[in-house]
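# Descriptive structure summary
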Protein chains: 4
Amino acid sequence: MNFTSDNSFGAAPEIIEAMARANDGTVDSYGADPLAARVEGRLREIFETDLRVFLVTTGTAANALSLASVSPPWGTVFCHTEAHIAEDECGAPEFFGGGLTLRHVPGAEAKIDPDALARFVAECGAGGVHQTQPAALSLTNLTEKGALYRPAEIAALAEIAHGAGCAVHLDGTRFANAVVAGGESPADLSWRSGIDILCLGATKNGALAAEAVIFFDPERQAEAISSFAFRRKRGGHLLSKGRLLSAQMDAWLAEDFWLNRAAHANAMGQRLAAGLRAIDGIDILNAAAANMLFVRLPLAVHRRLRAGGAAYYLHPPSQTEDGDGAGVRVRLVCSPSTAPESVDAFLDLCGATMPVRA
Amino acid sequence: MNFTSDNSFGAAPEIIEAMARANDGTVDSYGADPLAARVEGRLREIFETDLRVFLVTTGTAANALSLASVSPPWGTVFCHTEAHIAEDECGAPEFFGGGLTLRHVPGAEAKIDPDALARFVAECGAGGVHQTQPAALSLTNLTEKGALYRPAEIAALAEIAHGAGCAVHLDGTRFANAVVAGGESPADLSWRSGIDILCLGATKNGALAAEAVIFFDPERQAEAISSFAFRRKRGGHLLSKGRLLSAQMDAWLAEDFWLNRAAHANAMGQRLAAGLRAIDGIDILNAAAANMLFVRLPLAVHRRLRAGGAAYYLHPPSQTEDGDGAGVRVRLVCSPSTAPESVDAFLDLCGATMPVRA
Amino acid sequence: MNFTSDNSFGAAPEIIEAMARANDGTVDSYGADPLAARVEGRLREIFETDLRVFLVTTGTAANALSLASVSPPWGTVFCHTEAHIAEDECGAPEFFGGGLTLRHVPGAEAKIDPDALARFVAECGAGGVHQTQPAALSLTNLTEKGALYRPAEIAALAEIAHGAGCAVHLDGTRFANAVVAGGESPADLSWRSGIDILCLGATKNGALAAEAVIFFDPERQAEAISSFAFRRKRGGHLLSKGRLLSAQMDAWLAEDFWLNRAAHANAMGQRLAAGLRAIDGIDILNAAAANMLFVRLPLAVHRRLRAGGAAYYLHPPSQTEDGDGAGVRVRLVCSPSTAPESVDAFLDLCGATMPVRA
Amino acid sequence: MNFTSDNSFGAAPEIIEAMARANDGTVDSYGADPLAARVEGRLREIFETDLRVFLVTTGTAANALSLASVSPPWGTVFCHTEAHIAEDECGAPEFFGGGLTLRHVPGAEAKIDPDALARFVAECGAGGVHQTQPAALSLTNLTEKGALYRPAEIAALAEIAHGAGCAVHLDGTRFANAVVAGGESPADLSWRSGIDILCLGATKNGALAAEAVIFFDPERQAEAISSFAFRRKRGGHLLSKGRLLSAQMDAWLAEDFWLNRAAHANAMGQRLAAGLRAIDGIDILNAAAANMLFVRLPLAVHRRLRAGGAAYYLHPPSQTEDGDGAGVRVRLVCSPSTAPESVDAFLDLCGATMPVRA
């Protein structure tokens, strides 16, 4: 019953096996191995377009390096107030970007409100050299609140951003979950909607540590791509034994493994949501479109869950285990490794002494 | 009738004369000239305490260098959403601070709301290394909206900041105006209220280009002071002929010149405010505590003023000269050089065809 | 017959197996897993002292993050002209260090000359704020030229550095080879000789991607350690699934695996050196103390080797495959995976048509 | 008898008077004043070409901001080992350039040796992303050792640099002295010889604090120019009352004032050199092409000079006042304010008890 985070689990066995298989023999180092080339080819097929890929070990590196590649130090990156880059990366974008500025845009369920974005973009940099200038829009899909952007929503935001000369970046830590949840193609959910750079995360979905930074339309983005290559090395993110990354990514992308994993995580999320909705006194606080739920639990339920060994995070973390009188608010994340039995056991604990709705 | 900004005016003749006087002979360079020592001594008297002073040419340099000296690159600096460091310095604090993060705190009249600050500080950095950490609180007095912090207000904010290990920085571009407007001593309005670093601006109040960065309690702040010295040089802000700065500052501080200048600017601001309040259809939008007014003008009045040669800025700058149906919103700044005749001429234009209130 | 670099090989099977074993179950993320604690304990035993460890994926990250943790942006890091941090990390120390300065010190076989260091240190920063200040000495053992520092040599250099307030950093990419080659204990070759920070590299010696940054005397270095923790996260180098790193390092350190691997690589290096010395016309250009040889080959020999499938790098890389009239200069690196048969096959090709010395 | 540095003197009275004249009335701030436009026009005439000018207060700011504008953070800037940017700016180029790298090139009299430059440039960045890349060549004329580059010498170095895609930057702190000493036109000594960016220093030659950063061929350098504008603001180097700078520069450039000043300083330097050459036991160590002499003095002479009130610096500064058995080595700088009487008094002290050559 671990609903803390996909990070608590190891990799899928298939990924470990692929790493072991790729381990034999000598290959070119620093990302020039044959598997890396195959990954790039596979991504071209999946995304139905030309692209350029860089592999790195963490989402923080993927986000920060790519944003730094499209923003000058005096650039403004628009992102949601609750975005991972704003809240959980210890200022990595500012560091890699030479002191660039994040501008926090509000919106429900951690989705950027288009009107707010339009207003913020219009105001940004109007003062000339006295102000930082519009440089990039960073979206997250799934959002930090587990919500889903649909292509039309992305396109509307991207249009505002492109109109101001911004690049559009997508933190795709849970992109696979978004593809599955919305039923759109990877292409429709990325470059066809206006995404210029996609940080496609495998780590939270079966890999140990592997993220693909994808530049679409590589000819147009040649300068950013060249910049990324130097920044990756200089940032200590160019692995000598690059097969560590390419082997993971190759196996993860093979035969829809990545999407099947996400589909399972989403299904577990929906199973959990359905079960919780049937229990009086428990409120699901977000749209729960995929595998992430934000839930208010009565204190008694929370204590029973803890006693029963259920692991999950309070959210926001500023709460205590005793809650605030109206129970505790928690985040429940289903991972590709979550078993239906874990979900059901969790639900049983939730419902044990609570009347179930007819 | 120039109400644009103190920046449009030259220096006071007394300042120019002092610069000319200080020009003769050879003296030690790089800030080791005798006048620099005298300035430090004079500031000790004015602020009734020990302190350490660095002189620089711009407010942006003063603010950014001092904040960088008390914040690590992964530090958070809390400031008002409309603070100069957030809006008008092109990311200088982030640049000098190695990618530090500004956290915008709301509050009326560009004064930081204590409850909001307490909440923001409590949330900041709770996630450990995943998040930037509380490092400094930056206040501005007079605020960007011309409002005045009183000592008790500063002390309340400083207490929150100090409780989280933050240094407290004051952007004192218009500190002289604040001293005069509130009637408190420089000491009461700074270190006695919890200010650790004061950027005391002379440029907007009679000098050509001279700002004093004052570290109070220098023994406790020895590390920040040492850091500042290297950062100033490395930032290109250590003048070889340091007398350029010390001569200005010495003359500016002599015999209450600085306070007398501010008193005049404030008096002109009050004269302007009183006049405008007496005119129907004109709204003063801020508290107008000193020399800065934010005013809504009917479009007809605005056009008459422009035709008559009055200079001032639209505020916010996103407006057009045609306003928004409800007139135009403008910023009116009185400088030490503003003549009463200019104020009266401005008021005459405002009131010409408008009925005056009984 | 691959003598290019340890990087061309995969990991040792034992390391891959350990990664697979560590993959099961849920553990705390971000470096708080039980294996990470075990690694720290094991290193305390190996180095016979208290210490604090951080794991990262690359040597560049290890070096740059640790140097940034002990140098202010206006610090000077003394290193050999041919050091990896100077030549092969694309300015990573300057980047992570906020623009710190590397000062290149000469010396034979990529070992820093003590007299040169003393002179450079004495001159450094004497101009006060006008100059960058002494901050760190960075050594490499084995050096980039395959030479070995002995404890007394390190102690002499560390004494000069410590006398100027510098921290002493060791790039230990091939530290295991140095331990084996010199026969000294890890403690004698590190903190007992004055090393404050050791970047212990496993990647070139059996791991896939794992480097341990070791701070000795952690109480004294508390500030640098805290700085490192934030810099690692902010640099994108804190892996969510930290077991990827701890599992490698745990297996690598177990039962002298690391030293046995290095012993094999060194033995292969010595076998190769002995064979080459017996062949007329081939000159070994370095001391060849361990597993790295720098060799001048007659052009005919070089061509025969290439035709026979031998892989190795020209060194310096500015040469062409046609050499310079006096043959070609090459670098030959033996890895833990190098088989004696490969060495012998290489020697056979070298000697085929060359008269062997009596 | 002050031969320490041009920095010990104030500004020329003409400059102070110009500042006073420019002080009246309101003008646009932040560099948009009419005098700034006139300065740009005047420089176009002087340099006989189109150009774009930015004014700043210090040479360090001028150098660092302009180098950062033409180098990526992973760029290498080639400069002489003794260049001011390498020795006396506390790492300002590295700071402004986001951690760029200076590569020290040797050469006599602080002039870069063309063969050494060619070799360094050829080696730079050949390793691809593992290495910093050629970005700029920085020359200094007069050099730090008082030597003069002639146009053909500059052209030869610039050709090497341009061939590697480098911009060519000239630290022209003493450019006026170089123009006068060589008798070439400003154009011949700058853009016609391949200089892309000239930092033209007035501070050491009559101004208080005024340096002009000149971009030649502004259309080609549009990107660097835009970058410079943001960097200047962000660096705190955009003065609100820009007339402080433009008034100085306007007066300095008027009617060959700048060249006449330099001519006087050079003449004093030559008078001093001629006098010293006539005295047994005194060695002039540099070519003494203009106003800077490096001289070895017998200890007795040095003591007599000190007793007589002569001010000058030991050079290198690591010496003590007691010298090294072979006397003391000193730097003697003649400024535009140096009177012939001072030179003669100095020479009298030198020669007092020393036999004068027939």
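Residues numbered from 1 in each chain as written. Chains lettered and ligands numbered in written order. Predicted model: local features only at pLDDT ≥ 70, side-chain atom pairs only at ≥ 80, totals over all residues.

A separate point is the overall build of chain A. In terms of helices and strands, chain A carries 13 helices and eleven strands. Principal-axis analysis of the C-alpha atoms gives chain A an extent of 60 × 60 × 30 Å. The buried share of chain A, taken over its 358 residues, is 60%. (Helix = DSSP H or I, 4+ residues; strand = E, 2+ residues; numbered from the N terminus. Buried ≥ 20, exposed ≤ 12 C-beta atoms within 10 Å, placed from the backbone.)

Here the focus is the relation of the copies chain A and chain B. Of the two same-sequence chains, chain A is brought onto chain B (RMSD 0.0 Å, axial shift 0.0 Å) by a rotation of 180°. Here the symmetry operator amounts to a two-fold rotation axis. Rotation axis and chain A: the residue whose C-alpha lies nearest the axis is glycine 99 of chain A, separated from it by 2.0 Å. Comparing contact sets, 100% of the residues at the interface of chain A also lie at the interface in chain B, consistent with an isologous, same-surface contact. (Least-squares fit on C-alpha atoms with pLDDT ≥ 70 in both. Contact = placed C-beta atoms within 7 Å.)

Attention now goes to the relation of the copies chain C and chain A. For the match of chain C to chain A, the screw axis carries a shift of 0.0 Å, the RMSD comes to 0.0 Å, and the turn is 180°. Residue by residue, 100% of the interface of chain C is reproduced at the interface of chain A, so both copies engage with the same surface.

So, on to the sheet that holds strand 8 (residues 283-284) of chain C. Residues and elements named next belong to chain C. The four strands lie next to each other as 8-9-11-10, forming an open sheet whose pairing is antiparallel. For this open sheet the edge positions go to strand 8 and strand 10 (313-314), each flanked by a neighbour on one side alone. As judged from the two bridges shared by strand 8 and strand 9 (residues 292-297), these two strands associate in the antiparallel manner. Within the sheet, the bridge partner assigned to aspartate 283 lies in strand 9 and is arginine 296. This element, helix 11 (residues 257-277), spans strand 8, strand 9 and strand 11 (328-333) of the sheet and lies at about 20° to strand 9. (Pairing = 2+ DSSP bridges. Axes fitted to C-alpha atoms, helices over the stretch in contact; angles between N-to-C directions.)

The amide bond that connects asparagine 141 of chain A to the next residue, leucine 142 of chain A, takes the cis arrangement and shows omega of -20°. The residue after histidine 315 of chain C, namely proline 316 of chain C, is reached through a cis peptide bond having omega 5°. Structurally, proline 316 of chain C is set in the loop between strand 10 and strand 11. The phi torsion at glutamate 48 of chain B lies on the positive side, around 55°, for a residue other than glycine. Turning to its location among the elements, glutamate 48 of chain B is positioned in the loop between helix 2 (34-47) and strand 1 (51-56). Owing to 13 C-beta atoms within 10 Å, glutamate 48 of chain B belongs among the partly exposed residues under this scheme.

Turning next to the interface of chain A and chain B. Counting from both sides, the interface comprises 20 residues of chain A and, opposite them, 20 residues of chain B. Of all the elements in the fold, those that place two or more residues in the side of chain A that touches chain B are helix 5 (92-96) and helix 6 (114-123) of chain A. Residue composition of the side of chain A that touches chain B, grouped by class: eight nonpolar, eight polar and four charged. (Nonpolar A, V, L, I, M, F, W, Y, C, P; charged D, E, K, R; others polar.)

With that out of the way, let us pick up the interface of chain C and chain A. Every contact between the two is made by 38 residues of chain C and, on the other side, 38 residues of chain A. The set of elements that each furnish at least two residues to the side of chain C that touches chain A consists of helix 1 (13-21), helix 3 (59-70), helix 5 (92-96), helix 9 (222-234) and helix 10 (243-253) of chain C. Partitioned by chemical class, the residues of the side of chain C that touches chain A number 16 nonpolar, 17 polar and five charged.

The next subject is the packing of helix 6 (residues 114-123) of chain B against helix 7 (residues 151-163) of chain B. All names here are of chain B. Closest axis-to-axis distance for the helix 6/helix 7 pair is 10 Å, and the angle between their directions is 5°. Taken together, helix 6 and helix 7 sit at an angle that is classed as roughly parallel. Note on element contacts: helix 7 touches helix 6 through Ala156, Leu157, Ile160 and Ala161, opposite Pro114, Leu117, Ala118 and Val121. Split into classes, the residues belonging to the contact of helix 6 with helix 7 amount to eight nonpolar, no polar and no charged. (Parallel < 35°, antiparallel > 145°, perpendicular 65-115°, else oblique.)

On to the domain arrangement of chain A. By convention, interface size is frequently given as the accessible area that disappears when the constituent parts associate. Residues and elements named next belong to chain A. Under the domain assignment, chain A is made up of domain 1 (11-256) and domain 2 (258-351). A straight line from the C-alpha centre of domain 1 to that of domain 2 covers 28 Å. Contact with domain 1, which involves 19 residues of that partner, is made by 18 residues of domain 2. Among the elements of the structure, helix 8 (175-182) and helix 10 (243-253) are those that each provide at least two residues to the side of domain 1 that touches domain 2. The residue inventory of the side of domain 1 that touches domain 2, partitioned by class, reads twelve nonpolar, four polar and three charged. (Domains from an automatic or database assignment.)

With that settled, the discussion passes to the sheet that holds strand 9 (residues 292-297) of chain B. Residues and elements named next belong to chain B. Read from one edge of the open sheet, four strands run 8-9-11-10, paired in antiparallel fashion. At either margin of the open sheet sits one strand with a lone partner, and together these are strand 8 (283-284) and strand 10 (313-314). Two strands pair when backbone bridges link them, and strand 10 and strand 11 (residues 328-333) are joined in this way by two bridges, in the antiparallel orientation. Following the sheet pairing, tyrosine 313 is matched in strand 11 by arginine 331. Contacting strand 8, strand 9 and strand 11, helix 11 (residues 257-277) crosses the sheet at an angle of about 20° to strand 9.

What follows covers helix 13 (residues 340-351) of chain D. Residues and elements named next belong to chain D. The terminal C-alpha atoms of helix 13, which comprises twelve residues, lie 16 Å apart, in line with the 16 Å expected from a rise of 1.5 Å per residue. Buried within helix 13 are the following residues: Val343, Phe346, Cys350 and Gly351. Mapping the buried residues of helix 13 onto a view down its axis gives an arc of 125°, with all of them on the same face. In this structure, helix 13 carries Glu341 and Asp348 as exposed residues pointing more than 90 degrees from its buried face. Elements that come into contact with the buried residues of helix 13 comprise helix 11 (257-277) and helix 12 (299-307). (Expected span 1.5 Å × (residues − 1). Arc of directions from axis to C-beta.)

Contact geometry for helix 1 (residues 13-21) of chain A and helix 1 of chain C: axes closest at 10 Å, N-to-C directions at 180°. Compared by their axis directions, helix 1 of chain A and helix 1 of chain C come out roughly antiparallel. Residues Ile16, Met19 and Ala20 of chain A of helix 1 of chain A lie in contact with helix 1 of chain C, whose contacting residues are Ile16, Met19 and Ala20 of chain C. Of the residues assigned to the contact of helix 1 of chain A with helix 1 of chain C, the class counts are six nonpolar, no polar and no charged.

All names here are of chain C. With respect to burial, strand 2 (residues 75-80) is a largely interior element, six of its six residues being buried. Bridge count between strand 2 and strand 4 (residues 133-140): four bridges; the pairing is parallel. By the bridge assignment, glycine 75 is partnered in strand 4 with glutamine 133. Summarising the sheet, strand 2 and strand 3 (residues 101-105) pair through five bridges and their orientation is parallel. Each bridged residue has a counterpart across the sheet, and for valine 77 the counterpart in strand 3 is leucine 102.

Turning next to helix 2 (residues 34-47) of chain D. All names here are of chain D. Relative to the 20 Å expected for 14 residues at 1.5 Å per residue, helix 2 spans 20 Å between its end C-alpha atoms, a close match to the ideal helical length. Residues of helix 2 that are buried sit in contact with strand 1 (51-56), strand 7 (211-216) and helix 10 (243-253). Once helix 2 ends, the next one or two residues include glutamate 48, with phi positive near 55°.

Our focus in this paragraph is the confidence of the model for chain A. All names here are of chain A. Residue-level pLDDT values for chain A average 95, and 98% of them are 70 or greater. Predicted confidence is poor over residues 354-358, with pLDDT under 50, and the contacts of this stretch with residues over four places away or in other chains come to ten contacts. The ipTM for the predicted assembly is 0.95, set against a pTM of 0.96. (pLDDT = per-residue confidence, 0-100.)

Below, the discussion takes up the environment of alanine 12 of chain C. Residue and element names in this part refer to chain C. You can see alanine 12 is positioned in the segment before helix 1. Looking at alanine 12, the number of C-beta atoms within 10 Å reads 23, which means it is buried. Other than its neighbours up to four places away in sequence, alanine 12 contacts Gly206, Arg261 and Pro336.

What follows covers the pairing of strand 1 of chain B. All names here are of chain B. Burial of strand 1 is extensive: six of the six residues sit out of reach of the surface. Neither face of strand 1 is open: one carries Leu51, Val53 and Leu55, the other Arg52, Phe54 and Val56, and all of them are buried. Pairing analysis gives six bridges linking strand 1 to strand 7 (residues 211-216), with the strands arranged antiparallel. Bridge pairing in strand 7 links arginine 52 to phenylalanine 215.

Take the environment of tyrosine 149 of chain C next. Residue and element names in this part refer to chain C. Inspection of the secondary structure assignment puts tyrosine 149 in the loop between strand 4 and helix 7 (151-163). Sequence spacing of tyrosine 149 and lysine 111 is 38 residues, and the spatial spacing of their C-alpha atoms is 7.4 Å. Sequence-distant contacts of tyrosine 149, defined by excluding residues within four places in its chain, comprise Lys111, Leu139, Asn141 and Ile154.

All names here are of chain A. Relative to the helices and strands, cysteine 166 resides in the loop between helix 7 (151-163) and strand 5 (167-172). Its 25 C-beta neighbours within 10 Å are what place cysteine 166 among the buried residues. Expressed as a C-alpha distance, the spacing of cysteine 166 and leucine 297, which sit 131 residues apart in the sequence, is 41 Å. Not counting residues up to four positions away in its chain, the partners in contact with cysteine 166 are Pro134, Ala135, Ala136, Leu137 and Ala161.

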